[in-house]
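Each chain, written out:
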Amino acid sequence: KSTMRQSALSVHCAYVTVLCNQAALVFAFSSSSAYVRLSSRKFIGHITTKFSAVQAASVPSAESIAVELEDTISTTTTAPSERRILLLEKVDELLSSGDQTINQNILAKISLDIENDVRWAKETPLPFETDHSNHVIGDDYSETKEQTIEYEPISVTKSSTESFPATTIALRTKPSTPLLIQNEITLLREAVETYWKHLSSTENNDASSKSRFTYQRKGNSEAHLSDIVRYYEQHHYGEEKQKQVSALVDKLLLDRVYPWVRDAFLSKEDESNGDLYVYDAIFIRYNATEAENIGAGQPLHRDLGYVSVNIMLNSQDEFDGGGTFFENQLLPVVLNGGDGTSNDIQPLKPLGPGHAIAHYSSDRHAGSATFDGVRDILVLFVAAAAAERAPKWEVAARLKSKARSYCSDASSIDEQLLCRVRHHRLAIKQVPSDGEAWHYLGMALLDYHSYEVALQQQQQDCTKNHSILRLAISCLEEATTYTPCDGRLQNNLGIAWERLFEYHQSREKENEMSTADLSRLLDSIRESFSRSIQIHTLCKQVGCDVNTDYESACLNYGLFLSKLDDFEGAIDILSLVAANYEESKDTDSGAVDASRVLRDASNLLGFCKRQIQK
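Residues numbered from 1 in each chain as written. Predicted model: local features only at pLDDT ≥ 70, side-chain atom pairs only at ≥ 80, totals over all residues. Heavy atoms only, no water.

A. Spatial organisation of the overall build of the protein chain. Within the protein chain, the secondary structure is distributed over 19 helices and 12 strands. Across the 614 residues that make up the protein chain, the buried fraction comes to 55%. Expressed as a percentage of contacts within the protein chain between residues at least 6 apart in sequence, the contacts between residues at least 24 apart total 78%. (Helix = DSSP H or I, 4+ residues; strand = E, 2+ residues; numbered from the N terminus. Buried < 20%, exposed > 50% of the residue type's maximum accessible area, 1.4 Å probe, protein only. Contact = heavy atoms within 4.5 Å.)

Here it is, written out as structure tokens:
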């Protein structure tokens, strides 16, 4: 493209690229759901200015990462286990991981966090699995007798061929064995209403501790089960209702939930001797009226803990929409390349009031929007406290969630970045098939690559960190083998491929890549962005709030196509979201609250239209 055209593009469209979710750049550690980086010359200029006072870091050069990764780690010729080993060896070389003291300190910190959570759980009135004493005597709830919960798998078939067996998404209680019967549901819902009225009548409405899991969204109300039991113990101790509530909670956990989780999940683990307990338990009310036209729900997320149990508390006749949508429900569409519609994929729901679905807490899922009426659920986040050491899945989850906060204390930018790399590397050591850990590892490496580019721009040497970029891409590719339905991952992989393409374009004179190889690289970029848009479109169809990630993927793809002078293609993609920006300006809040992503998509769309008109 001509210099004039590049200059016009940078002036007219604020020229941004968005990395979805966990992909913050080194100079903008943010907790928001999408992260923005300046691009092209503006991007380089911003970084160079930002780090003008930073000394060249003492970090391993690309040459220390050995030979080109594409020659040693091939996704087509190397067995998956061998490829994974080679990737981790390259990461370890970058980290110089012979110093095990750093790893031990990180793991010690994580263990302390887990111990503190177990200690906190023991201070609540909710029993652990090994606590079989009857705290309360009530007419209907005095006896504790373990109840066998019958359940069935909810599965999706990846393909019609035998090479792709069905995948279990969640477990669901059978009609004969609900976790709660109707009079028990009534008792609990009345207890919640009483507790909410108590909060509304007090000056301090923050008396209930904030949830560590849910998102405080318009139309959602919540109450912690431990707070409700504690409230009755403090304000109604000795009364019949207090005895009934406490006894029912004990019975629900000790006789029904814990035996079910142990039989269906924990018994199949190598580490199966942990003492089950409730990490948190929350009543959630989705009120479609209060949520207005957006629907009441939860965005895609993962829970901490081991198993999440979702108990339905009111009839489907009382609300429209709702249910739990699992990312892996998209497997048949994503793996088979089909189009898929909302008619093919629907959120999962228990069979009726008192029934439940249970799933691994690490499985990415969402509370699909409730569009009419009120939906009440009780969600139990069950964890396992081991006598000797925390379960591997628990350690891996903490390593991922704590990486940014722990590493922010590092003394320099490069140490922060390598600290993040180390956390996710350790998470993979705990659970090698953790796709989220591979995703975050790839993004930490991509941020490290950006940092090195910034330093090398000052030194006028942009040739040294190609291998780190390739390593980041390989980790992101590895992540797609475990979490192929993560739209954020596909978007971030597209951005990483685009960086590689731009690198080879800048070295065209060296003829490092053939025309055919460059063409295949362009196809990989298009495929990743298209897949991200497809996944987010399907999520939107089932009532999931993925607007920010969807808009980001459209902007990124449109920006990429505009760089190729494919303005018609860019217009097709940007038109999917740019109209939303115009609509947002008509609202009472005006353009001030309009999404920055939508604004940039609208500006870029206008630029592309003007180029076609010339």
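B. Up close: the environment of serine 176. Take serine 176: it is sitting in the loop between strand S4 (166–173) and helix H6 (182–201). Sequence-wise, serine 176 and histidine 355 are 179 residues apart; in three dimensions their C-alpha atoms are separated by 9.7 Å.

C. View of the environment of methionine 443. Mapping methionine 443 onto the fold places it in helix H13 (residues 435–459). Once the C-alpha coordinates of methionine 443 and leucine 489 are considered, the two residues, 46 residues apart in sequence, prove to be 9.3 Å apart.

D. Quick look at the pattern of salt bridges. This structure, assessed with the given rule, holds 26 salt bridges. Notably, a salt bridge pairs lysine 400 with aspartate 434, separated by 2.8 Å at the nearest N-O pair. Note that lysine 400 is positioned in helix H11 (residues 392–407) and aspartate 434 in the loop between helix H12 (413–430) and H13, a separation of 34 residues in sequence. The same class applies to lysine 400 and to aspartate 434, which are both buried. A salt bridge links arginine 531 to glutamate 527, with the shortest nitrogen-to-oxygen separation between them at 4.0 Å. (Salt bridge = Lys/Arg side-chain N within 4 Å of Asp/Glu carboxyl O.)

E. Highlighting the pairing of strand S11 (residues 356–360). Taken across its five residues, S11 has four buried, putting it largely inside the fold. Sheet analysis places S4 next to S11, joined by two bridges and oriented antiparallel. Across the sheet, leucine 171 pairs through a bridge with alanine 358, a residue of S11. Where strand S8 (residues 307–312) lies against S11, five bridges are found, and the strand directions are antiparallel. Note that in S11 the partner of serine 308 across the bridge is histidine 359. (Pairing = 2+ DSSP bridges.)

F. How the structure looks around the packing of H6 against helix H7 (residues 225–235). Across the interface, H6 lies against H7 with an axial gap of 10 Å and an inter-helix angle of 75°. Comparing the axis directions of H6 and H7 gives the class roughly perpendicular. Note on element contacts: H7 touches H6 through Asp227, Ile228, Tyr231, Tyr232 and His235, opposite Glu190, Ala191, Val192, Thr194, Tyr195 and His198. Across the contact of H6 with H7, the residue classes tally to six nonpolar, three polar and two charged. (Axes fitted to C-alpha atoms, helices over the stretch in contact; angles between N-to-C directions. Parallel < 35°, antiparallel > 145°, perpendicular 65-115°, else oblique. Nonpolar A, V, L, I, M, F, W, Y, C, P; charged D, E, K, R; others polar.)

G. Representation of the nonpolar core within the structure. Among the nonpolar cores identified, the biggest contains 127 residues, and Val309, Ile311 and Leu380 are the most heavily contacted of them. Val156, Leu300, Leu331 and Ile535 belong to the second largest nonpolar core, which has 22 residues in total. (Core = buried A, V, L, I, M, F, W, Y, C linked by side-chain atoms within 4.5 Å.)

H. Layout of empty space enclosed by the protein. By the definition in use, this model includes six cavities of 30 Å³ or more. By volume, the second largest cavity amounts to about 60 Å³. For the second largest cavity, the full set of lining residues is Arg189, Val192, Glu193, Trp196, Phe283, Ile284, Arg285, Leu313, Asp376 and Ile377. Elements that contribute at least two residues to the lining of the second largest cavity include exactly H6, strand S6 (275–287) and strand S12 (365–385). Top element by residues in the lining of the second largest cavity is H6. It accounts for four residues. For the lining of the second largest cavity, the per-class residue count stands at six nonpolar, no polar and four charged. (1 Å grid on protein atoms, 1.4 Å probe; cavity = no way out; pocket = protein on both sides within 12 Å on 5 of 7 lines; lining within 4 Å. Points joined across faces, edges and corners; volume = space filled by probe spheres on them.)

I. Fine view of H11. With 16 residues, H11 extends 21 Å between its outermost C-alpha atoms, agreeing within 8% with the 22 Å of an ideal straight helix rising 1.5 Å per residue. Most pronounced at serine 401, the bend in H11 amounts to some 45°. Within the span of H11, buried status applies to Trp393, Glu394, Val395, Ala396, Ala397, Arg398, Leu399, Lys400, Ala403, Tyr406 and Cys407. (Expected span 1.5 Å × (residues − 1). Bend = angle between axes of the 7 residues up to and from the residue.)

J. Structural view of the side chain of histidine 423. Tracing the backbone shows histidine 423 in helix H12. In this structure, histidine 423 is in contact with Ile106, Leu399, Ala403, Tyr406 and Cys407, ignoring residues within four places of it in sequence.

K. Broad picture of the packing of helix H17 (residues 547–563) against helix H19 (residues 596–613). Taken N-terminus to C-terminus, the directions of H17 and H19 make an angle of 30°; their axes are 10 Å apart at the nearest point. Taken together, H17 and H19 sit at an angle that is classed as roughly parallel. Handedness of the crossing formed by H17 with H19: left-handed. Side by side, H17 and H19 meet where Glu551, Ser552, Leu555, Gly558, Leu559 and Ser562 of the first sit next to Val597, Leu598, Asp600, Ala601, Leu604 and Cys608 of the second. For the contact of H17 with H19, the residue count by class is seven nonpolar, three polar and two charged. (Left-handed = near helix turned anticlockwise from the far one by under 90°.)

L. Seen up close, the environment of lysine 251. Considering the arrangement of structural elements, one finds lysine 251 in helix H8 (residues 240–264). The class of lysine 251 is buried, set by a relative accessible area of 15%.

M. Representation of the pairing of S8 in the model. In terms of burial, S8 is largely enclosed, as six of its six residues are buried. Across the two faces of S8 the burial is the same, with Val307, Val309 and Ile311 and Ser308, Asn310 and Met312 all buried. Examined bridge by bridge, S8 and S12 share six bridges and lie antiparallel to one another. Each bridged residue has a counterpart across the sheet, and for asparagine 310 the counterpart in S12 is valine 379.

No statement about biological role is implied by the geometric values presented.
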